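# A look at the structure
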Number of protein chains: 2
Amino acid sequence: MDTPVIEEVLQEWLQEHRDWSRQDKRIRKRFRFKTFPESIQFVNQVAEIAEEHNHHPFIQIDFRVVTLELTSWHARGITVLDLQLADKYDALVED
Amino acid sequence: MDTPVIEEVLQEWLQEHRDWSRQDKRIRKRFRFKTFPESIQFVNQVAEIAEEHNHHPFIQIDFRVVTLELTSWHARGITVLDLQLADKYDALVED
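Predicted model, so just to flag it, every value in this text is computed and none were measured.

Time to look at the pairing of strand 3 (residues 58–62) of chain B. The two faces of a sheet get side chains in turn, since along a regular strand they alternate between them. When strand 3 (residues 58–62) of chain A meets strand 3 of chain B, the two strands line up antiparallel, connected through 5 bridges. If you follow Ile61(A) over to strand 3 of chain B, its bridge partner there is Ile59(B). Bridge count between strand 3 of chain B and strand 4 (residues 65–70) of chain B: 5 bridges; the pairing is antiparallel. Note on strand 4 of chain B: the bridge partner recorded for Ile61(B) is Val66(B). Where strand 3 of chain B folds back onto strand 4 of chain B in an antiparallel hairpin, the turn is made up of 2 residues, including Phe63(B), whose phi is positive at roughly 60°.

Spelled out as structure tokens, the structure:
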């Protein structure tokens, strides 16, 4: 978990997750909601997962748009854990 | 409420609120917490006040640091409402 994913794995993951983009050593996605309370509810769900894994994304709330950025400071890059958590955050809005 | 505060009022307010800084047409403050859940709790309290006033700050959560930025889009600048809400957000952490 403590080393960045190899480039090939990351590229394949990005191909399968077109809403996520790579920003240097981070992956980023904007989640859009119908209301501000829905944005906040999503942030709370993200926060619970983040705290469980002791791995906290950078979160921006701009009214009805929530941006998540994931990276692993210790690994100085994007790790398997980042990709796994990104999947979990996606699953929150897939229902 | 729909016009920016006059420069004199803003300057005086900033003198009295040294933790807030002016960023072009916004006012900004970083709030630091001991834990990530405390950051999230603060964001929820901010969100409740914001929703009550239908006036939503830009919120960034970087682990234990929450940054708020306030502006009034309609007025294209900082209004009395922004200053009033900044006071309310400050009061949340003053206990």
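Now, onward.
When chain B is fitted onto chain A, the two copies agree to an RMSD of 0.0 Å after a turn of 180° and an axial shift of 0.0 Å. Here the transformation between the copies is reduced to the relation of a two-fold axis. When each C-alpha of chain B is compared by its distance to the rotation axis, Gln60(B) comes out closest, at 2.2 Å. In this assembly, 100% of the residues forming the interface of chain B have copies in chain A that are likewise at the interface, indicating an isologous arrangement.

At the interface, 16 residues of chain B touch 16 residues of chain A. The largest per-residue losses of area from chain B upon contact with chain A belong to Phe36(B), Phe58(B) and Ile61(B), which jointly make up 32% of the total buried on that side. Inspection of the chain B/chain A interface yields 0 salt bridges. Only helix 2 (36–52) and strand 3 of chain B provide two or more residues apiece to the side of chain B that touches chain A. The greatest single-element share of the side of chain B that touches chain A, amounting to 8 residues, is contributed by helix 2 of chain B. Partitioning the side of chain B that touches chain A into residue classes produces 11 nonpolar, 3 polar and 2 charged.

Conventions used here
Residues numbered from 1 in each chain as written. Chains lettered and ligands numbered in written order. Predicted model: local features only at pLDDT ≥ 70, side-chain atom pairs only at ≥ 80, totals over all residues. Heavy atoms only, no water. Pairing = 2+ DSSP bridges. Helix = DSSP H or I, 4+ residues; strand = E, 2+ residues; numbered from the N terminus. Least-squares fit on C-alpha atoms with pLDDT ≥ 70 in both. Contact = heavy atoms within 4.5 Å. Buried area = accessible area lost by both parts, 1.4 Å probe. Salt bridge = Lys/Arg side-chain N within 4 Å of Asp/Glu carboxyl O. Nonpolar A, V, L, I, M, F, W, Y, C, P; charged D, E, K, R; others polar.

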